[in-house]
Amino acid sequence: MFENRLPPEPDKILRIMAMFAGDPRTDKVDLGVGVYRSPDGRTPVMAAVKEAERRIWDAQETKSYVGLSGDPAFLDAMRVLILGDAVPAARVAACGTPGGTGAVRQVLEMTRRLSPEATVWISDPTWPNHPAIIDHLSQKRQTFRYYDAATGGIDRDGMFADLARAQAGDLILLHACCHNPTGADLTPQDWEDIAAICEKTGAIPFVDMAYLGFAESLEDDAAGTRLLAARLPEVFIAASCSKNFGLYRERVGVVLVVTGEGGPQAAAFGTLANLNRQNYAFPPDHGARIVQTILGDAALAESWRTELRTMRETMLGNRRMLADALRAETGSDRFGFFAGHRGMFSLCGGDPEQVRILRETHGIYLIGDGRMNVAGLTAATIPQVARALAEVLA
Ligand code: LMR
């Protein structure tokens, strides 16, 4: 089967991960894959996670199966974390998945099964795995204008003109917060306007929530998604606990489908469980149990929220320090957008050739489109990165 075949190209994020790992230089700086680093350059296990793991280790007496959709207590805790009281529980079907990518995949598979003609609208640009999965599933996709490189903000006129062309039943894939790769987030007014477009066209919002708590706060970061859920008859959500719980390798994700009460909710729940059965049977439990243990215990939840706030403030601090250092290097506010963006990523504005020079000459690793993980910066590396950016992007 594999004769005359080449291995598929890894996507641009995985390619940079591998290049960084193979670079022997000791002063190299990893600003590629989206992994949080503390000011001392580590990706720590959060204190609440350590304590939850200890409790699970002490109390757990079996590793037998839990349920096809995952543990109901985990699913309920995630529903409350994400949706608050925006919609009654009876309107939400939930399902555990291996990570946020697993959740994205299950929503798209569900759509392909039930509505094969639907087009999935993705922002230009977006996380490369979005179009990759859509293409793998042979679904139709279109891009909508999103980022305006000239301003570092959102091209609203372009975005709303494009989204107005969506048809009933199409999916509009939105980033809940911390837009990947641009860092340019939707405002409360944008969410209102998107809800109005969905009401008018019958398109269904599909929110990818990979960075809840990394932008402003847990509540603010969920507000747009909650607004859609409260206003519209159907909303799909794919959420990840990789970043905000630091559980990357444990693969903790969840799909929430907001439907009408009664029949639709049961049908959505059954469809998601059935897709789990066909794809991997039971979702992983250990990471989900950690999350459930934390969210179900007031003291652990408080510890988690506090550490999450520190992580968010570290990223915001990196953004401000980088913008200041670049202002000092260039004598201009050209890179001021770094301070205004939110989450892990911003597009630095470099083209692929400039990104190559940053990597080969300066040991600074960005994704090929110029995406920088600002969470990978530290006070020690910011001057080096600012000098190199100012020189190479001059
Ligand atoms: C990223 O965008 O770097 C992260 O979400 C990691 C990944 O899986 O691509």
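Residues numbered from 1 in each chain as written. Predicted model: local features only at pLDDT ≥ 70, side-chain atom pairs only at ≥ 80, totals over all residues. Heavy atoms only, no water.

Trainee: Can you walk me through the overall build of the protein chain in this structure?
Mentor: Across its full length, the protein chain holds 14 helices and 13 strands. For the protein chain, the C-alpha radius of gyration of 21 Å lies close to 21 Å, the compact-globule estimate for 394 residues. The buried share of the protein chain, taken over its 394 residues, is 55%. As presented, the protein chain carries roughly 17100 Å² of accessible surface, and 53% of it is formed by carbon and sulfur atoms. Taking the average place of the 41 positive charges on the side chains of the protein chain and the average place of its 49 negative ones, the gap between the two points comes to 3 Å. (Helix = DSSP H or I, 4+ residues; strand = E, 2+ residues; numbered from the N terminus. Rg over C-alpha atoms; globule rule 2.2 N^0.38 Å. Buried < 20%, exposed > 50% of the residue type's maximum accessible area, 1.4 Å probe, protein only. Areas by Shrake-Rupley, 256 points an atom, 1.4 Å probe, with all protein chains shown as cover. Lys, Arg positive; Asp, Glu negative; His and termini not counted. Charge placed at Lys NZ, Arg CZ, Asp CG, Glu CD.)

Trainee: How should I be thinking about the environment of Leu 326 in this particular structure?
Mentor: Mapped onto the secondary structure, Leu 326 falls in helix α11 (residues 298-330). Take Leu 326: its relative accessible area is 1%, and that puts it in the buried class. Linking Leu 326 and Ala 390, residues 64 residues apart in sequence, is a C-alpha distance of 6.7 Å. Discounting chain neighbours no more than four positions away, the residues touching Leu 326 are Gly 331, Ser 332, Phe 335, Phe 338, Ala 386, Leu 389 and Ala 390. (Contact = heavy atoms within 4.5 Å.)

Trainee: Is there a simple way to explain the pairing of strand β4 (residues 140-145) in this structure?
Mentor: Note on strand geometry: in a regular strand, side chains alternate between the two faces of the sheet. Across 6 bridges, the pairing between strand β3 (residues 119-124) and β4 is parallel. Within β4, the position partnered with Asp 124 by the bridge is Arg 145. The β-α-β motif built from β3, the intervening helix α5 (residues 129-136) and the parallel element β4 has right-handed crossover chirality. (Pairing = 2+ DSSP bridges. Right-handed = clockwise from strand over helix to strand, strands pointing away.)

Trainee: Just checking my understanding: could you explain the domain arrangement of the protein chain for this structure?
Mentor: When the parts of a complex come together, some accessible area is lost, and that lost area is often taken as the interface size. Along its sequence, the protein chain is carved into domain 1 (12-44 + 313-392) and domain 2 (65-296). A C-alpha centroid distance of 28 Å is found between domain 1 and domain 2. In this assembly, 18 residues from domain 1 lie in contact with 19 residues from domain 2. Contact between domain 1 and domain 2 buries roughly 1400 Å² in total, counting both sides, with carbon and sulfur atoms accounting for 62%. If you sort the residues of domain 1 by the area they bury against domain 2, Arg 342, Phe 345 and Leu 347 come out on top, with a joint share of 37%. Taken together, the links from domain 1 to domain 2 amount to 1 salt bridge. For the side of domain 1 that touches domain 2, the secondary structure elements donating two or more residues are α1 (12-21), α11 and β11 (345-347). Its residues placed into classes, the side of domain 1 that touches domain 2 shows 9 nonpolar, 5 polar and 4 charged. (Domains from an automatic or database assignment. Buried area = accessible area lost by both parts, 1.4 Å probe. Salt bridge = Lys/Arg side-chain N within 4 Å of Asp/Glu carboxyl O. Nonpolar A, V, L, I, M, F, W, Y, C, P; charged D, E, K, R; others polar.)

Trainee: Would you take a moment to explain the site of the ligand for this structure?
Mentor: Residues in contact with the ligand, as listed here, are Ile 13, Val 33, Gly 34, Trp 127, Asn 180, Tyr 211, Lys 243, Phe 345 and Arg 371. Here an oxygen atom of the ligand sits 2.8 Å away from a polar atom, N or O, in the main chain of Gly 34. Note that an oxygen atom of the ligand is positioned 2.8 Å from one of the side-chain N or O atoms of Arg 371. Contact with the protein chains removes 78% of the 260 Å² of surface that the ligand exposes when unbound. (Near = heavy atom within 4 Å. Polar contact = N/O pair within 3.5 Å; in protein donor to acceptor, adjacent residues only side chain to side chain.)

Trainee: What is the right way to look at the packing of aromatic side chains in this model?
Mentor: Aromatic rings considered in pairs are described by the distance between their centres and by the relative angle of their planes. One pass over the structure, following the stated rule, counts 9 aromatic pairs. The interplanar angle of 45° and the centroid separation of 6.3 Å between the aromatic rings of Tyr 211 and Phe 214 together place this pair among those described as tilted. A relative accessible area of 6% means that Tyr 211 is categorised as buried. Centroid distance Tyr 211 to Phe 345: 5.9 Å. Interplanar angle 90°. Geometry classified as edge-to-face. Remark: Phe 345 occurs in strand β11 and Tyr 211 occurs in the loop between β8 (204-209) and α8 (218-231); sequence separation between them is 134 residues. (Phe/Tyr/Trp six-rings, centres within 6.5 Å; stacked < 30°, edge-to-face > 60°.)

Trainee: Help me understand the side chain of Arg 359 in this model?
Mentor: Note that Arg 359 resides in helix α13 (residues 352-362). Here Arg 359 occupies a buried position and makes no salt bridge, while the nearest side chain of opposite charge, Glu 360, is found at 4.2 Å. Look past the residues within four positions of Arg 359 in its chain and what remains in contact with it is Ile 16, Met 19, Arg 25, Ile 364 and Tyr 365.

Trainee: Please explain the environment of Leu 83 as it appears in this structure.
Mentor: Within the secondary structure, Leu 83 sits in helix α3 (residues 72-83). Under the relative-accessibility criterion, Leu 83 is labelled buried at 0%. As for Leu 83 and Arg 226, which are separated by 143 residues in sequence, their C-alpha atoms are 5.5 Å apart. Leaving out residues up to four positions away in the same chain, Leu 83 has contacts with Val 92, Arg 226, Ala 229, Ile 237, Leu 256 and Val 258.

Trainee: Looking at this model, I keep getting lost on the packing of α3 against helix α10 (residues 286-295). Mind explaining?
Mentor: For any two helices packed against each other, one specifies the inter-axial angle together with the distance between the axes. Between α3 and α10, the shortest axis-to-axis distance is 9 Å and the interhelical angle comes to 60°. As the angle between them shows, α3 and α10 are arranged oblique. Read as a crossing pair, α3 and α10 show a hand that is left-handed. Within the contact between the two elements, α3 uses Ala 73, Phe 74, Ala 77, Met 78 and Leu 81 and α10 uses Ala 288, Val 291, Gln 292 and Leu 295. The residue inventory of the contact of α3 with α10, partitioned by class, reads 8 nonpolar, 1 polar and no charged. (Axes fitted to C-alpha atoms, helices over the stretch in contact; angles between N-to-C directions. Parallel < 35°, antiparallel > 145°, perpendicular 65-115°, else oblique. Left-handed = near helix turned anticlockwise from the far one by under 90°.)

Trainee: Which parts of the structure should I look at to understand the sheet that holds strand β9 (residues 235-240)?
Mentor: In a beta sheet, neighbouring strands pair by backbone hydrogen bonds and run either parallel or antiparallel. Taken together, 7 strands build an open sheet; the order of strands is β2-β10-β9-β8-β7-β3-β4 and the sheet is mixed. Each edge of the open sheet is held by one strand with a lone partner, namely β2 (92-97) and β4. Ignoring which end each strand starts from, the neighbouring axes of this sheet average 20° apart. The pairing of β8 with β9 spans 4 bridges and is parallel. Residue Phe 206 lies in a different strand from β9, and its bridge partner there is Phe 236. Packed onto the sheet, helix α6 (residues 156-163) meets β3, β4 and β7 (171-175) and runs at close to 150° relative to β4.

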